[in-house]
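# Report on the structure
Chain by chain, the residues:
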Amino acid sequence: MSDQPDDERLEELRKKKMQEMQEQSDQGEAQEQAQQQADAQKQAMLRKHLTDGARKRLNSVRMSKPDFADQVERQVLALAQSGRVSGKIDEDKMKELLRELKPDSKSFNIRRR
């Protein structure tokens, strides 16, 4: 007879755990959907403000330096949102922007005495 309350308690705990897992799954899906929507908006803004050549150049940079490409994208979006971009950014302007944002290369001067 004492087994019945334990079984009921165990079943109650299982249901509670399943409900928690379902809620976590729903939250994860909502976050993923929000992330996808933000990415789509970002890509639309980039298409609007970059020419095909500039986008190709940015994609080439992304292949070798993904973090740097993200930084450049953020900078382009900031320029576009602030209204400092007149027209579209072409490939030459993108080259100039990449040069400006490129981290300084560390050079070593070795002197022998």
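The rules behind each value
Residues numbered from 1 in each chain as written. Predicted model: local features only at pLDDT ≥ 70, side-chain atom pairs only at ≥ 80, totals over all residues. Heavy atoms only, no water. 1 Å grid on protein atoms, 1.4 Å probe; cavity = no way out; pocket = protein on both sides within 12 Å on 5 of 7 lines; lining within 4 Å. Points joined across faces, edges and corners; volume = space filled by probe spheres on them. Helix = DSSP H or I, 4+ residues; strand = E, 2+ residues; numbered from the N terminus. Nonpolar A, V, L, I, M, F, W, Y, C, P; charged D, E, K, R; others polar. Patch = residues over 30% accessible without salt bridge, like charges linked within 9 Å, V, L, I, M, F, W, Y side chains within 5 Å. Areas by Shrake-Rupley, 256 points an atom, 1.4 Å probe, with all protein chains shown as cover. Salt bridge = Lys/Arg side-chain N within 4 Å of Asp/Glu carboxyl O. Lys, Arg positive; Asp, Glu negative; His and termini not counted. Charge placed at Lys NZ, Arg CZ, Asp CG, Glu CD. Buried < 20%, exposed > 50% of the residue type's maximum accessible area, 1.4 Å probe, protein only. Polar contact = N/O pair within 3.5 Å; in protein donor to acceptor, adjacent residues only side chain to side chain.

Where an unreviewed UniProt entry is consulted, the protein appears under the name DNA-binding protein M0R89_04480, with the organism given as Halorussus limi.

### Regarding the layout of surface pockets
The calculated volume of the largest pocket comes to roughly 230 Å³. Every element with two or more residues in the lining of the largest pocket is listed here: helix H3 (66-82) and helix H4 (91-101). The element that contributes the greatest number of residues to the lining of the largest pocket is H4, accounting for six residues. Of the residues that constitute the lining of the largest pocket, the class distribution is six nonpolar, two polar and four charged.

### As for a negative patch on the surface
Taken together, Glu 20, Glu 23, Asp 26, Glu 29 and Glu 32 make up a surface patch of like negative charges. Along the chain, Glu 20 falls in helix H1 (residues 3-49).

### What to know about the environment of Arg 84
By the element assignment, Arg 84 lies in the loop between H3 and H4. Among the residues examined, Arg 84 registers a relative accessible area of 59% and is labelled exposed. Of the polar contacts made by the side chain of Arg 84, one reaches the side chain of Ser 82; its length is 3.1 Å.

### Regarding the pattern of salt bridges
With the rule as written, the count across this model stands at seven salt bridges. The closest approach of N and O atoms between Arg 9 and Glu 12, which form a salt bridge, is 3.6 Å. You can see Arg 9 and its partner Glu 12 sitting in helix H1, three residues apart, about one turn around the helix. A salt bridge links Lys 42 to Glu 73, with the nearest nitrogen and oxygen atoms 3.1 Å apart. In this pair, Lys 42 is assigned in helix H1 and Glu 73 in helix H3, connecting sequence segments 31 residues apart. Classification of Glu 73 as buried rests on a relative accessible area of 5%. One continuous salt-bridge network, built from bridges that share partners, spans Lys 42, Arg 62, Asp 70 and Glu 73.

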